[in-house]
Structures are given as structure tokens and as C-alpha cells.
There are 2 protein chains.
Amino acid sequence: VKGIDIHTHVVPSAFPPSVRPGVPGWPSMEPVDACRANIVIDGKVYRTLTHPCWTTSRRLEDMDRMEIELQAISPMPELFSYWMESAPANDLIRFVNDTIAAFVADSKGRMLGFGVLPLQDMDLALAELDRLKQLGFAGVEIGSNVNGEPLGSPAFTPFFQAVEALGLAVFVHAVRPTGMDRAVASLICANILEQFPKLRIAFSHGGGTFASLLPRFAEGYRVFPAVREMLSSPPVEQARRFFYDTLVFDPRSLAHLAALFGDGQLLVGTDYPFGFQQREPVSRILETFADPQVRNRLIHENAGRFLNLGTVSR
Amino acid sequence: VKGIDIHTHVVPSAFPPSVRPGVPGWPSMEPVDACRANIVIDGKVYRTLTHPCWTTSRRLEDMDRMEIELQAISPMPELFSYWMESAPANDLIRFVNDTIAAFVADSKGRMLGFGVLPLQDMDLALAELDRLKQLGFAGVEIGSNVNGEPLGSPAFTPFFQAVEALGLAVFVHAVRPTGMDRAVASLICANILEQFPKLRIAFSHGGGTFASLLPRFAEGYRVFPAVREMLSSPPVEQARRFFYDTLVFDPRSLAHLAALFGDGQLLVGTDYPFGFQQREPVSRILETFADPQVRNRLIHENAGRFLNLGTVSR
């Protein structure tokens, strides 16, 4: 059985210049050699990238080697552009999303797109979300916060409402300044899955440190009436309705996540093709779990539910 | 077998006024009723406290009920006073430490003291550390950071050097602005146990979210040469030489900590007598672990090593 990897990144091989003069944060790409390029932001090399970031044929070879049938591809988080003025951010994000759509079209049905949105401007974000749906994207990638604003803030309610209505998946990726544990806790405090029960939300990196935080959160719910009043259902119950990827680099930690969140909520995620990736995701699952049904759930079935593959065309 | 609880807090029943006029942050206590008092800081009620915070006889009764033979008692973290000017902070801290010494003297040998230090001023801190040793304290309680400065900063090297020389234990408690995961990671990055191999350091709340962070840290060590160069020994190896309390409110998470850090490194910690405490710490260990040797380690043997009970007079 081949797997579905919901956490992989892409970067365009080049960026157009901005039509607006002197936009801080606008990226450019400088080739290093045939296989590598530097992404340069505000005159500094942000990161050296390798050609699997933008070369679909090479990705397909790697997917075969990694026993991955299908990749959801999402932009490198630095491209969220939340910290850029919203008009140029929207220009950049449209280009990035169009590039993703091109990669998907070139993938022989083996890639699905997660687009990004200029969430610092809700009107622009909702317009781009509609465009993603028309382009056939499977979902959106959002940051663990938007310029420090927690995801559970009422400011983002229109986004979650629209995503639910469009039937797209939400992939939450850590981004500065605040981490994933707060992202999950914030969405639980906002009762987001009580408000929008059809939402499908996955957190990268196994939910970050949220697994360590959840039991304390649950005890707080038990002890403090104010916490109980805030939440429509208990933290553990809400936590077990989110999805989490398997990118935790340790079999014991992976088994712990399955116990805590449920083996129906874990998805293969690798961070391919970055240096800090999980190179043998399927083997790691086989090593950690003996039950064939659990293995199948983690390798592809849960991802099928998260991506709603029954209705998304491949 | 009765347990040793290394994570309990005390608060003086009253505070003297400051000899210096108008010190921001200096606390006072206002009785609410026979059993409760408000601690007031800068004109605001910081917290309502109950009399076990300052009543040794009541603590001893609760310890019997909780199957705890020995408590290490440390101040409520708000009393760290790192954010106060150092001269009045030192006044307050001396008073708090003297109060702890009095509680210990009144405890029929069933309490050990963890004092606090004005770590915003290293000269004052080292002088008070000497005084703690003379007063027979078993250790010191320090924050997870000092006004945002990470514990691994070279600024704190003289403190760790002196603590090791005096043979006192170090109990690290979370305090604003940054959490426990960064505290542990910072001390590993500083190779603190390589520099001072006789140090005995315990982290509260099971190390906070550090358990979720460690496998990623270990993978970073494997992948990035710069991380390998920084560390004298691998992160997991260093992590397994620290102690962590059992205050995680979940048997699966407790078992996970034992697997990750080693069952020789976990200590009973309850947060007694605060509202958010672990009320049946020994039962939780018996529930989680079947092996009698492992149970004994967690209930009292590891704490005996951490507190160096072979040499500290009880």
C-alpha cells in the first residue's frame, strides 16, 4: 500500500519582479548551480533550495522511492507573506498559487494543491480562497498565527466559515512568532469545530508541543469553571477531531500521539524536500504499529478522509 | 512506601512593609477569612491563597493523606521577584527564605527547603546562595528564565558553578515570559551538565512541552553540523541526565516521559497546595507502572538521589 503525504513543500523556480516599486519582503531567486538556487529576501539569502522544490518529474521519482502515491503540495511558509502589505502580498500569493496549480497539472494526478491566502486582509483572502476552489485545490495552508493574532480570534471566523462552505481542507503550519501548541489551543478555545463541524483541519509536526500541553489543558477544564464555561465540549474531545501529521522523528512519540489523539487522526507528513525531512515515512509507521488496520489508517486512509478524496477529483 | 514530593509551594502568612519607600511589586497579604488571604501586588489581588500555604501542621496532615513522607517546599514563583529592583528584591527574598527555614524547622523533619535568589543581580544571588547553604536548605528554586534571559546564558554560569560546589539541588519552575521547553533546551545548548557534571537539576511540570520538542531537537543534531558542533554530547543523552517531575495529569503522558527520559529521572511533583494540584500522586504512579522497582524509583528513590539525602540532614 502506498502512502499519502500531506506535508510537502514547493517553491517557484523564479519570481517575477513586483509591479509596485520597492516592496519590502518581495523574494527573488538566484541560481547557485544546476540543482540549487538561493531565495533572496530584502537582499539576504533566506535559504538555499534544491530543485525538487520546483521540479515535478524529480518529485515523482522521490515519491516512488518513498512509497508515496500522492502528495499534497504547499508553499514554503516564508511565502505566507502575512507580514507584507496586503496588495503586493496578494500579487505574490496569486503567483505562488498559480505555480502550485501548474505543478499539480503536471503531476499525472499524483499531487494535490494547498494554496496560501493573504490572511492579513480578509476580503482579499476570501476572494483568493474562491479562486483556489475554482482552480481545483484540495485545501489551504495557513500559519499557526497571522502576525501574532491567534487563529481562534473572531477576525478569522469568516475564513473558517468560507472554507467549510467550500469543502476545502485546512493545513496549519508553524510560522513565527508563535507555535503550534497555541494554534491548537486557540482553535479549541474558539470551539471552532463546534461552530463549523464539517471543517477538516490538520496540524503539522504532530501538533508541535500540543501533545505535552493537552493533559494540563484537560485538567484545567476539570478544575476551573471559567474554562468549562468557555468550551462547548472538553479539550480532549475537541483535540481528537483534528488531524496531526506524523512528523515527530521518534516511534515512541508517534505511538504516544496515536494514543492521545486517536489512530484515526494521524497523517503522513514529511517536510519533503527540505533537509529536515522524514525520508522513510511509511517504514516509520510499519516500525511503530503492528496492527494492519492501524497501519493503513496512518499510511493513507486518514489522509483520504482529511482530503475528502471521495469528492476531490484526482 | 511513602513518597517524596519535590514540587510544593509555600507563601508567608504576612509580609513586612519594605524599608524603602514605594517599591513596585512589593507584596502584602490581606486576610479574607480564617482560612484564606489575598496576596496583593501593586494594589491588585494577585491570587487568593489558602492556609496550607503557611500552616505547617495542616500540611503534615495533608501529606499523610497524600502518602507523602517528605516535601521539598519552595516559594510561589511570583515571589522570584526577578522583575523588581535588586536591592528590595534581595530584602524580600531574604524574608521569604527565612520563612521557609522556619517552616522546615517546624516540620518534624518532614520538609526540606528550596530557596529563591535575586538572579537579576549575580553578586547578591551568590551571597544569598551561601546563606541558604548555611541555613541547611536542600536546594534552590529558579525560574525557567530570568526576565527573558535564557538559563543557558553565560550570565548564569557563576550561579551553576557555585550551586555545584555547594552540592545543592536546582528546581526549575516555569515563570513568565518563556516556558520550560526553552529552559531545558537552553541548558542542553549550554552543555551545562558537561560543564558541571555533579549538578542535580529538576524541571517542573514534567519538563513542560520539552518532551514534544526533544525528538525534533535530536533530529536536528543528526542533520545539522552546526548543532552537532555546539553540543558536547547528544540532546537525548543530556536530557536523560536531568530530572523531571510527574505533574502531567495523564498516565499515558507519564509513561511516555519515563520512556523518553528514563524511569530513573522522574520525581513526584504535585503543586500542593494550589488548586491545580495533583491530589493523589502515589496512586497515579501505581496506576501507570506495574514494576515494583520502577514504582519505588518514581515514588521516592529518584527524589532521594536528586535531593542527595545521603548527605543532607533531615
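Because the structure is a prediction, the values reported are computed rather than measured.

Asker: Help me understand the overall build of chain A in this model?
Answerer: A tally of regular secondary structure across chain A gives 12 helices and 13 strands. Against the 2.2 N^0.38 benchmark of 20 Å for 314 residues, chain A shows a C-alpha radius of gyration of 19 Å, consistent with a compact globule. Projected onto its principal axes, the C-alpha positions of chain A cover 55 × 40 × 35 Å. When each of the 314 residues of chain A is scored for burial, the buried share is 58%. Considering only contacts in chain A between residues 6 or more positions apart, those separated by 24 or more positions represent 71%. Carbon together with sulfur atoms contributes 52% to the accessible area of chain A, which is approximately 12100 Å² in total.

Asker: Is there a simple way to think about the interface of chain B and chain A in this case?
Answerer: Often, the extent of an interface is quoted as the loss of accessible area on bringing the components together. Taken together, the 23 residues of chain B in the interface contact 23 residues of chain A. Together, the buried faces of chain B and chain A total about 2100 Å²; carbon and sulfur atoms form 62% of this surface. Summed over the three residues of chain B that lose the most area to chain A, namely R216, R252 and F276 of chain B, the buried surface amounts to 31% of that side. At the junction of chain B and chain A, the tally comes to 0 salt bridges. Counting the contacts that link chain B with chain A gives 3 residue pairs in polar contact (both at pLDDT 80 or more). Those elements that provide at least two residues to the side of chain B that touches chain A are α7 (210-223) and α10 (251-261) of chain B. Top contributing element to the side of chain B that touches chain A by residue count: α7 of chain B, with 8 residues. Per-class residue counts for the side of chain B that touches chain A are 10 nonpolar, 9 polar and 4 charged.

Asker: Would you explain the state of the cysteines in this entry?
Answerer: Here, disulfide denotes a covalent bond that connects the sulfur atoms of two cysteines. Residues and elements named next belong to chain A. Taken as a whole and judged by the stated rule, the model has 0 disulfides over all chains. C35 forms no disulfide, and the closest cysteine sulfur to it belongs to C53, at a distance of 12 Å. Its relative accessible area of 36% is what places C35 among the partly exposed residues.

Asker: I'm lost on the pattern of salt bridges in this one. Help?
Answerer: Pairs can form between side chains of opposite charge whenever their charged atoms are close. Under the defined criterion, the tally for this structure stands at 29 salt bridges over all chains. R110 of chain B serves as the salt-bridge partner of D64 of chain B, at 3.0 Å between the closest nitrogen and oxygen. Of this pair, D64 of chain B sits in helix α1 (residues 56-65) while R110 of chain B sits in the loop between α2 (86-105) and β6 (111-115), and the two are 46 residues apart along the sequence. Using a relative accessible area of 40% as the deciding quantity, one classes D64 of chain B as partly exposed. Salt bridges sharing partners connect three or more residues here, namely K2, D64 and R110 of chain A.

Asker: Is there a simple way to think about the relation of the copies chain B and chain A in this case?
Answerer: Applying a rotation about an axis and a shift along it to one chain copy brings it onto the other copy. Mapping chain B onto chain A calls for a screw motion: a turn of 180° about the axis and a shift of 0.0 Å along it, with 0.0 Å RMSD after fitting. Such a combination of rotation and displacement between the chain copies is what one expects of a two-fold axis. Using C-alpha coordinates, one finds that chain B approaches the rotation axis most closely at T209 of chain B, a distance of 2.7 Å. The fraction of interface residues of chain B whose copies in chain A are also interface residues reaches 100%, indicating that both copies meet through the same surface.

Asker: Explain the nonpolar core to me, please; I cannot follow it from the model alone.
Answerer: Generally speaking, soluble globular proteins have nonpolar side chains that are buried together. Of all hydrophobic cores here, the largest spans 89 residues; its most connected members are F159 and I201 of chain A. The element that contributes the greatest number of residues to this core is helix α2 (residues 86-105) of chain A, accounting for 7 residues. If near-sequence neighbours (up to four positions away) are discounted, F159 of chain A is found in contact with L117, L119, M122, L126, L129, V140, I142 and V170 of chain A. Residues V11, F15, I192 and V268 of chain B belong to the second largest nonpolar core, which totals 87 residues.

Asker: Before we go on, may I ask you to explain the sheet that holds strand β3 (residues 36-41) of chain B in this structure?
Answerer: Sheets are built from strands that pair by backbone hydrogen bonding, the pairs being arranged parallel or antiparallel. Residue and element names in this part refer to chain B. Strand order in the open sheet made by the 3 strands is β2-β3-β4, with antiparallel pairing throughout. Both edges of this open sheet fall to β2 (27-33) and β4 (44-50), since each of them pairs with a single strand only. Averaged over all adjacent pairs, the angle separating strand axes in this sheet is 30°, with direction ignored. The pairing of β2 with β3 spans 6 bridges and is antiparallel. Paired with E30 across the two strands is N38, which belongs to β3.

Thresholds, definitions, all that
Residues numbered from 1 in each chain as written. Chains lettered and ligands numbered in written order. Predicted model: local features only at pLDDT ≥ 70, side-chain atom pairs only at ≥ 80, totals over all residues. Heavy atoms only, no water. Helix = DSSP H or I, 4+ residues; strand = E, 2+ residues; numbered from the N terminus. Rg over C-alpha atoms; globule rule 2.2 N^0.38 Å. Buried < 20%, exposed > 50% of the residue type's maximum accessible area, 1.4 Å probe, protein only. Contact = heavy atoms within 4.5 Å. Areas by Shrake-Rupley, 256 points an atom, 1.4 Å probe, with all protein chains shown as cover. Buried area = accessible area lost by both parts, 1.4 Å probe. Salt bridge = Lys/Arg side-chain N within 4 Å of Asp/Glu carboxyl O. Polar contact = N/O pair within 3.5 Å; in protein donor to acceptor, adjacent residues only side chain to side chain. Nonpolar A, V, L, I, M, F, W, Y, C, P; charged D, E, K, R; others polar. Disulfide = S-S within 2.5 Å. Least-squares fit on C-alpha atoms with pLDDT ≥ 70 in both. Core = buried A, V, L, I, M, F, W, Y, C linked by side-chain atoms within 4.5 Å. Pairing = 2+ DSSP bridges. Axes fitted to C-alpha atoms, helices over the stretch in contact; angles between N-to-C directions.

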